[in-house]
Amino acid sequence: MKVLFNTYPVAFDCPGGGEVQLMECKAALERRGIEVLLYDPWQPQFDQADVVHFFSVQGGSIPFCRHVKNRGLPLAISPILWLGENKYDYALKEIGALLELCDVVLPNSRAEGKLLANWYKLPESKFAPVVNGVDDRFFAKGDPLIFCERFGIETPFLLNIANIEPRKNQKRLIQASRDLEMLVILAGRIRDEAYWKECQEYMHPGVRYIGPLEYASDLHRSAYAACKGFILATRLETPGLAALEAAAQGVPLCITSEGCAEEYFGEHPHYVDPQSVESIRAGLKAVCGMERSPELARLVKRRYTWDEAGRQLHEVYTRLV
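Bear in mind that the values here come from a model prediction, so they are computed numbers and not experimental data. (Residues numbered from 1 in each chain as written. Predicted model: local features only at pLDDT ≥ 70, side-chain atom pairs only at ≥ 80, totals over all residues. Heavy atoms only, no water.)

Colleague: Sorry, what's going on with the sheet that holds strand β9 (residues 229-232) here?
Modeller: Strand pairing in a sheet is mediated by backbone hydrogen bonds. Such pairs are either parallel or antiparallel. Taken together, the 6 strands give an open sheet; going across it, the order is β8-β7-β6-β9-β10-β11, and neighbouring strands pair in parallel fashion. Both outer strands of the open sheet, β8 (207-209) and β11 (270-272), are each paired with one neighbouring strand and no more. When the angles between neighbouring strand axes are averaged without regard to direction, this sheet yields 25°. Strand direction decides the pairing type here: β9 and strand β10 (residues 253-256), joined by 3 bridges, are parallel. In the sheet register, I231 faces β10, and the bridge partner there is C254. Helix-sheet contacts for helix α8 (residues 218-226) involve β6 (157-161) and β9, and the interaxial angle to β6 is about 140°. Helix α11 (residues 277-288) contacts β6, β9, β10 and β11 of the sheet and is inclined by roughly 165° relative to β11. (Pairing = 2+ DSSP bridges. Helix = DSSP H or I, 4+ residues; strand = E, 2+ residues; numbered from the N terminus. Axes fitted to C-alpha atoms, helices over the stretch in contact; angles between N-to-C directions. Contact = heavy atoms within 4.5 Å.)

Structure (structure tokens):
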């Protein structure tokens, strides 16, 4: 079987969780003996593909997906989307057209699928949830000294790994952390320069920005090993790869209540209202007093690996073919 992967044109200019998901799914499928082609607009591979899998429903995706169906190929779409309070920021009409056009929708959770099915009046039978996963390297404990020595950190700290953009809600996190008796470290690429300037207006000595970490590097894994807790107080999550990676180490989680995190993590994290600075502040204080959870790490290893995602995708593609 050959599967053709594609996503919106500028996705890898500032990659985030969706792009990691695409590449990790590719690797997991290849371990199962499935050939995955990455779409090349200069030499289109439609004649080679049995199935086309499109990641994301960003604006501008519809022409490619319509062409796939005009070619008579089965089309799967991973929307990687939670229609929360900011849903009107999206091209809702085009998203609806994409979800109607494809043969199967692959949300990252049952909750995401149900939300999209209800909003667009689509049958739930059209949705086949596929889990987000964790790279096996994150299950092995990293060396905390690598991170602490690299950045000169000598005190306990809370960690936030996310691209800097409004959805990731760093501005409220910075506000909530003022006068907290623990350092908060922000790591990630700056995806929205104007938003980062807003964030900087609220910066204080208790927050430090260190830039992006190379994915799955010794430094990245060391960050999880070194931190006291992991914070993802975002406007929504589906559920957030960085949260899964931290959970694979049993790191205490403070995570948004908006999205599907509870479906993944159950009662383990402290959940916060991403719209409330006070709720986020209470979450930061709570996670400072939590201990690492081997049970949480076992849950992630049992249910949320990329090999499990690859197995689920293989089943879907087989049905489509």
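Colleague: I tried to follow the environment of R302 on my own but got confused; where do I start?
Modeller: The topology assignment puts R302 in helix α12 (residues 294-303). The spatial distance from the C-alpha of R302 to the C-alpha of K2 is 28 Å, given a sequence separation of 300 residues.

Colleague: Quick question: what am I supposed to make of unusual backbone geometry here?
Modeller: One can expect most non-glycine residues to show negative phi and most peptide bonds to be in trans. Of note, the amide linkage connecting T238 to P239 takes the cis form, showing an omega dihedral of 0°. You can see P239 is positioned in the loop between β9 and α9 (241-247). Although it is not a glycine, I80 adopts a positive phi angle of roughly 50°. The residue I80 is located in the loop between β4 (75-78) and α3 (92-101) in this model. Given the relative accessible area of 27%, I80 is considered partly exposed. In the Ramachandran plot, N169 falls in the positive-phi region, its phi being about 65° despite a non-glycine side chain. (Buried < 20%, exposed > 50% of the residue type's maximum accessible area, 1.4 Å probe, protein only.)

Colleague: Looking at this structure, I do not really get the sheet that holds strand β1 (residues 2-7). What am I missing?
Modeller: Here 5 strands make up an open sheet; going across it, the order is β2-β1-β3-β4-β5 and the pairing parallel. Lying at the two open borders of the sheet, with one neighbouring strand each, are β2 (35-38) and β5 (104-105). Inspection of the sheet shows β1 paired to β2 by 4 bridges, in the parallel sense. Bridge pairing links K2 to E35 in β2. On top of the sheet, helix α13 (residues 306-320) reaches β1, β3 (51-55), β4 and β5; it is set at about 130° to β3, its chief contact.

Colleague: Explain a nonpolar patch on the surface here, please?
Modeller: Where nonpolar side chains cluster on the molecular surface, the patch consists of F12, M23 and L38 and spans about 260 Å² of accessible area. Tracing the backbone through its elements, the reader meets M23 in helix α1 (residues 17-31). Owing to a relative accessible area of 35%, M23 belongs among the partly exposed residues under this scheme. (Patch = residues over 30% accessible without salt bridge, like charges linked within 9 Å, V, L, I, M, F, W, Y side chains within 5 Å. Areas by Shrake-Rupley, 256 points an atom, 1.4 Å probe, with all protein chains shown as cover. Salt bridge = Lys/Arg side-chain N within 4 Å of Asp/Glu carboxyl O.)

Colleague: Looking at this structure, how should I read the pattern of salt bridges?
Modeller: Any two side chains of opposite charge can pair, so long as their charged atoms come close to each other. Tallied over the full model, the rule gives 14 salt bridges. The partner of R311 in a salt bridge is E308, with the nearest N and O atoms 2.7 Å apart. Within this pair, R311 and its partner E308 are both found in helix α13, separated by 3 residues, close to a single helical turn. When its relative accessible area of 31% is taken as the criterion, R311 is described as partly exposed. One salt-bridge network, in which partners are shared between bridges, spans E19, E165 and R191.

Colleague: Before we go on, may I ask you to explain the pairing of β1 in this structure?
Modeller: Consecutive side chains along a regular strand alternate between the two faces of the sheet. Burial runs high along β1: 5 of the 6 residues are buried. In the classification by handedness, the crossover that spans β1, the intervening α1 and the parallel β2 is right-handed. Direction of pairing for β1 relative to β3: parallel, over a ladder of 5 bridges. Paired with V3 across the bridge in β3 is V51. (Right-handed = clockwise from strand over helix to strand, strands pointing away.)

Colleague: Looking at this structure, I do not really get the nonpolar core. What am I missing?
Modeller: Generally speaking, a soluble globular protein has its nonpolar side chains buried in company with each other. F5, F147, F157, L159, F230, F265 and V300 are the most contacted members of the largest nonpolar core, which has 65 residues in total. Looking at which element gives the most residues to this core, the answer is α9, with 6 residues. Core analysis: the second largest hydrophobic core is formed by 27 residues, V52, V68, L98 and Y120 among them. (Core = buried A, V, L, I, M, F, W, Y, C linked by side-chain atoms within 4.5 Å.)

Colleague: Could you clarify how one ought to interpret the pairing of strand β7 (residues 183-187) in this entry?
Modeller: Among the 5 residues of β7, 5 are classified as buried, and the element is accordingly described as predominantly covered. Taking every second residue as pointing to the same face, both faces of β7 are buried, with L183, I185 and A187 on one and V184 and L186 on the other. Sheet topology note: the β6/β7 ladder contains 5 bridges and is parallel. The residue bridging N160 from the neighbouring strand is L186, located in β7. For the segment spanning β6, helix α6 (residues 170-176) and β7, crossover handedness is right-handed. Here 3 bridges tie β7 to β8, and the two strands are oriented parallel to one another. Residue I185 lies in a different strand from β8, and its bridge partner there is R208.

Note that every value here comes from positions in space, so none of it alone points to a role or purpose.
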